[in-house]
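Here are the chains, one letter per residue:
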Amino acid sequence: MTKRVFNFNPGPAALPLEVLEQAQAEMLDFKGTGMSVMEISHRSKEFESVIQTAEADLRELMGIPANYKVMFLQGGAHLQFSMIPMNLRAAGASADYIVTGTWSKTAVKEAKKLGATRVAANTEADGFKGLPASLDLDPKAAYLHFTSNETIHGVEFFKEPVPPAGVPLVCDSSSDFISHPIDVSKYALIYAGAQKNAGPSGVTIVIERDDMIERTPENLPVMLDYKIMATSGSLHNTPPCWSIYMVGLVLQWVKKMGGLTAIEKTNRTKAELIYNAIDNSGGFYRGHALPDARSIMNIPFRLPSEELEDAFVKEAKKNDLIGLKGHRSVGGMRASIYNAMTVEGAQALANFMAEFQKKNG
Ligand SMILES: *Cc1c(COP(=O)(O)O)cnc(C)c1O
């Protein structure tokens, strides 16, 4: 049998085993075509069905209202850092950003290159450990941008920030996309690179309300123009067919698991196993995020010394627990436990943490 490990990589990340098996089974002959999905036209009826089913399943899972478009784009979440100000911030207008970690900080940096950008809150002075206590909001902002889950610092919003009346809410949901239900009607635009929770890298999902699409200025480069991408059904040019197909398989898997409410319950169970291992360690393990802002997707934590941290990574690997080394900016460990991580995997890590402490504490 093929050996599989417990994969805690932050992204690209683990995919559900059933999804990989289905992709394997359909690899050489997709639905009787005698070809792989990678080999068929993006304008064929077979691919049309792939992209339309993926969109329909996403709409059903997230409860996306009819007045929103779903797009499957390229360029990762990084390209959205630029496309959002290009499309949504009219010339001369300013946009507000909430900064709670590396990713929202990067979004600000990109937005500033293109025009007026205000920081409505910034938790960096406190080490990006929590959510902002208050927001300094511009009532005339073109939009308010936030990052619902900071993948590196492990800080997650469980309630959306509330923008001033009439200010559209924009969210980078790359690392907590489809991990729990949200009320899409509160958002003007949601975007997510697929490679954390929704599939392989190569495709970015953008959900945008129709009135926002009307803001698209004239004469943007076609690949940066939401209106063109939305009205062409993401088929203005050749889309990342294979990645979209894989996202479709993941969405079907999420439906089979019982949808987003059921997925959230499992995600909370997994996160609790690991947070308990931290909290019950008498200070041997120290979580980065403050308890009320703790992510259920990414759990960064430290050990008493860098030597112990190196030993932890090595020992963990021997136990088939992979991808636990933290981001250099936070140091220590990070356990990424996206939808595809099993409860069994989270339990294996929690057990390993207790064992490791017993030997080294
Ligand atoms: C991974 C990540 C990004 C960067 O995604 P790319 O697809 O590599 O551009 C941006 N924001 C968040 C929250 C992320 O987790």
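From a predicted model like this one, the values you see are computed outputs, not experimental measurements.

Right, let's get into the site of the ligand. Taken together, 13 residues are adjacent to the ligand, and His78, Thr151, Asp172, Gln195 and Lys196 come closest. A distance of 2.6 Å separates a nitrogen atom of the ligand from a polar side-chain atom of aspartate 172. Note that an oxygen atom of the ligand is positioned 2.9 Å from one of the side-chain N or O atoms of glutamine 195. Burial of the ligand by the protein amounts to 88% of the accessible area it has alone, namely 390 Å². Looking at which element gives the most residues to the shell around the ligand, the answer is helix H3 (residues 76–88), with 4 residues. Of the residues contributing to the shell around the ligand, the split by class is 3 nonpolar, 8 polar and 2 charged.

Before going further, it helps to examine the nonpolar core. If you look at the biggest cluster of nonpolar residues, it comprises 51 residues, and the most contacted ones within it are Leu58, Met62, Phe72, Phe177, Ile178, Ile205 and Ile207. Residue assignment places this core across two domains, with domain 1 (6–17 + 258–360) and domain 2 (31–256) each supplying three or more. Those residues within four positions of leucine 58 in sequence are excluded, and the remaining contacts are Gly63, Ile64, Val70, Phe177, Ile178, Ile205, Ile207 and Leu251. One finds Phe301, Leu308, Ala335 and Ala346 within the second-largest nonpolar core, a separate group that totals 30 residues.

Below, the discussion takes up helix H9 (residues 306–318). In this model, H9 (13 residues) spans 19 Å end to end at C-alpha, consistent with the 18 Å of a helix rising 1.5 Å per residue. Of the surrounding elements, those touching the buried residues of H9 are strand E12 (298–302), strand E13 (321–322), strand E14 (333–336) and helix H10 (343–360). Aspartate 320, located one to two residues past H9, shows a positive phi value of around 65°.

So, about the domain arrangement of the protein chain. When cut into domains, the protein chain gives domain 1 (6–17 + 258–360) and domain 2 (31–256). Computed from C-alpha atoms alone, the centre-to-centre distance between domain 1 and domain 2 is 26 Å. Contacts between domain 1 and domain 2 engage 31 residues on the former and 35 residues on the latter. A buried area of about 2600 Å², summed over both sides, lies between domain 1 and domain 2, and 62% of it is on carbon and sulfur atoms. Considering only the side of domain 1, the residues that lose the most area to domain 2 are Leu260, His288 and Asn339, jointly responsible for 23% of the buried surface there.

Attention shifts here to the pattern of salt bridges. A side chain of one charge can pair with a side chain of the opposite charge if their charged atoms are brought near each other. A complete count under the given rule lists 20 salt bridges for this structure. Ionic pairing is found between lysine 105 and glutamate 124, a salt bridge with its closest N-O pair at 2.9 Å. Placement of lysine 105 in helix H4 (residues 102–114) and of glutamate 124 in the loop between strand E4 (116–122) and strand E5 (144–147) is noted, with a sequence separation of 19 residues between them. The class of lysine 105 is partly exposed, set by a relative accessible area of 40%. Linked by salt bridges that have partners in common, Asp57, Glu60 and Lys255 make up one network.

Right, let's talk about the layout of surface pockets for a bit. Approximately 640 Å³ is the volume attributed to the largest pocket. Lining the largest pocket we find 24 residues, and of these Arg4, Leu15, Pro16, Leu17 and Thr342 sit closest to its centre. Of all the elements in the fold, those that place two or more residues in the lining of the largest pocket are strand E1 (6–7), helix H1 (17–26) and helix H8 (259–279). Element by element, the count of residues in the lining of the largest pocket is highest for H1, at 5 residues. Taken together, the residues of the lining of the largest pocket break down into 14 nonpolar, 6 polar and 4 charged.

Reading the values: the criteria
Residues numbered from 1 in each chain as written. Predicted model: local features only at pLDDT ≥ 70, side-chain atom pairs only at ≥ 80, totals over all residues. Heavy atoms only, no water. Near = heavy atom within 4 Å. Polar contact = N/O pair within 3.5 Å; in protein donor to acceptor, adjacent residues only side chain to side chain. Areas by Shrake-Rupley, 256 points an atom, 1.4 Å probe, with all protein chains shown as cover. Helix = DSSP H or I, 4+ residues; strand = E, 2+ residues; numbered from the N terminus. Nonpolar A, V, L, I, M, F, W, Y, C, P; charged D, E, K, R; others polar. Core = buried A, V, L, I, M, F, W, Y, C linked by side-chain atoms within 4.5 Å. Buried < 20%, exposed > 50% of the residue type's maximum accessible area, 1.4 Å probe, protein only. Domains from an automatic or database assignment. Contact = heavy atoms within 4.5 Å. Expected span 1.5 Å × (residues − 1). Buried area = accessible area lost by both parts, 1.4 Å probe. Salt bridge = Lys/Arg side-chain N within 4 Å of Asp/Glu carboxyl O. 1 Å grid on protein atoms, 1.4 Å probe; cavity = no way out; pocket = protein on both sides within 12 Å on 5 of 7 lines; lining within 4 Å. Points joined across faces, edges and corners; volume = space filled by probe spheres on them.

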